[in-house]
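# Structure assessment
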Amino acid sequence: MIDYHVSCANTNNITNENYEQNIIDIKFMREAYNLALKADKKNETPIGCVIVHNNKIIAKGYNRRNTDNSTIKHAEISAISGASKVLKDWRLEDCTLYVTLEPCQMCAGAIVQARIPRVVIGAMSMKSGCAGSVINILNNKNFNHQCSITYNVLEKECSELMSSFFKKMRFERKYKKLLLKRANMQKTEMTQNQ
């Protein structure tokens, strides 16, 4: 069972090494978060991802499913593809993947296939997350590769971004329905008055 309340900012029993890693994790999660903001501005689900090798970002990605009309244009898939090109290898064995939302089954599978040893997650996805929420593909002992996972880095910011995006989407859907209903009512009135 995952303790979803453990945060990278938790200072109980923290060592200098853990503290330094927490600072690094926050730094790179902020980069992923900035990419999620970019996706949000394009009316995409606001998920951002960076892949780090030797403490440098080598690839970035954000959701582009609507923009590219493609089911597979998730942040993680774009970043994994970019990192493979940079390293000229499909194995990303010395990399860390930072993502603002827990990966779905497709992305979790790609992470395992790419042999990424460590994944850092901003917010959990209780309906579709595959790093512990629904299932845990990243740590499944039946596969030939498992990932170390750090949860809840910048969790508040990542969760709030997702929540505000979906609130905005629901509002826009209701508003469009209302406009359509009014237009239909006006058509009906015009037809009856003729």
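The paragraphs below set out a description of the structure included in this document. (Residues numbered from 1 in each chain as written. Predicted model: local features only at pLDDT ≥ 70, side-chain atom pairs only at ≥ 80, totals over all residues. Heavy atoms only, no water.)

### Things to note about the overall build of the chain
From N to C terminus, the chain includes five helices and five strands. Listed N to C, the secondary structure of the chain is α-β-β-α-α-β-α-β-β-α in terms of helices and strands. With respect to the three principal axes, the spread of C-alpha positions in the chain is 80 × 40 × 30 Å. For the chain, the proportion of its 194 residues judged to be buried stands at 40%. Long-range pairs, those at least 24 residues apart, make up 59% of the contacts in the chain between residues at least 6 apart in sequence. Surface summary for the chain: the accessible area is close to 11,900 Å², and the carbon and sulfur share equals 51%. Each charge sign in the chain was given a centre, from 28 positive and 18 negative side chains, and these centres are 9 Å apart. (Helix = DSSP H or I, 4+ residues; strand = E, 2+ residues; numbered from the N terminus. Buried < 20%, exposed > 50% of the residue type's maximum accessible area, 1.4 Å probe, protein only. Contact = heavy atoms within 4.5 Å. Areas by Shrake-Rupley, 256 points an atom, 1.4 Å probe, with all protein chains shown as cover. Lys, Arg positive; Asp, Glu negative; His and termini not counted. Charge placed at Lys NZ, Arg CZ, Asp CG, Glu CD.)

### Re the pairing of strand 1 (residues 48-53)
Of all the six residues making up strand 1, six are buried; the element is thus mostly covered by neighbouring parts of the structure. The sheet contact formed by strand 1 and strand 2 (residues 56-62) spans six bridges and is antiparallel. What sits directly across from Val-52, in strand 2, is Ile-57. Between the end of strand 1 and the start of strand 2, which pair antiparallel, lie two residues, with Asn-54 showing a positive phi angle near 55°. As defined by bridge partners, strand 1 adjoins strand 3 (residues 95-101) across five bridges and the pair is classed as antiparallel. For Ile-51, the partnering residue across the bridge sits in strand 3 and is Leu-97. (Pairing = 2+ DSSP bridges.)

### Brief notes about the side chain of Arg-118
Of note, Arg-118 is situated in strand 4 (residues 118-123). Within the structure, the side chain of Arg-118 is placed 2.6 Å from the side chain of Asp-25, a separation counted as a polar contact. (Polar contact = N/O pair within 3.5 Å; in protein donor to acceptor, adjacent residues only side chain to side chain.)

### Section: the sheet that holds strand 3
If you walk across this open sheet you meet the five strands as 2-1-3-4-5, and the pairing is mixed. Strand pairing shows two members of the sheet lacking a second neighbour, strand 2 and strand 5 (148-150), which therefore form its edges. The mean angle between the axes of side-by-side strands here comes to 20°, regardless of whether they run parallel or antiparallel. The sheet contact formed by strand 4 and strand 5 spans three bridges and is parallel. Residue pairing in the sheet places Arg-118 in a bridge with Ser-148 of strand 5. Set on the sheet, helix 1 (residues 16-41) makes contact with strand 1, strand 2, strand 3, strand 4 and strand 5; between it and strand 3 the angle comes to about 50°. Most of the contacts of helix 3 (residues 75-87) go to strand 2, to which it runs at about 145°, and overall it touches strand 1, strand 2 and strand 3. (Axes fitted to C-alpha atoms, helices over the stretch in contact; angles between N-to-C directions.)

### Observations concerning the environment of Lys-127
If you trace the backbone, Lys-127 turns up in the loop between strand 4 and strand 5. Taking the C-alpha atoms as reference, Lys-127 lies 31 Å from Tyr-19; in sequence the two are 108 residues apart.

### Some remarks on the nonpolar core
Ile-51, Ile-80, Leu-97 and Leu-138 are the most contacted members of the largest nonpolar core, which has 45 residues in total. Of all the elements in the fold, those that place two or more residues in this core are helix 1, strand 1, strand 2, helix 3, strand 3, helix 4 (105-113), strand 4 and helix 5 (155-193). In this structure, Ile-80 is in contact with Ile-51, Leu-92, Leu-97, Ala-110, Ile-111, Ala-114 and Ile-116, ignoring residues within four places of it in sequence. (Core = buried A, V, L, I, M, F, W, Y, C linked by side-chain atoms within 4.5 Å.)

Function cannot be inferred from these measures alone, as they are strictly geometric.
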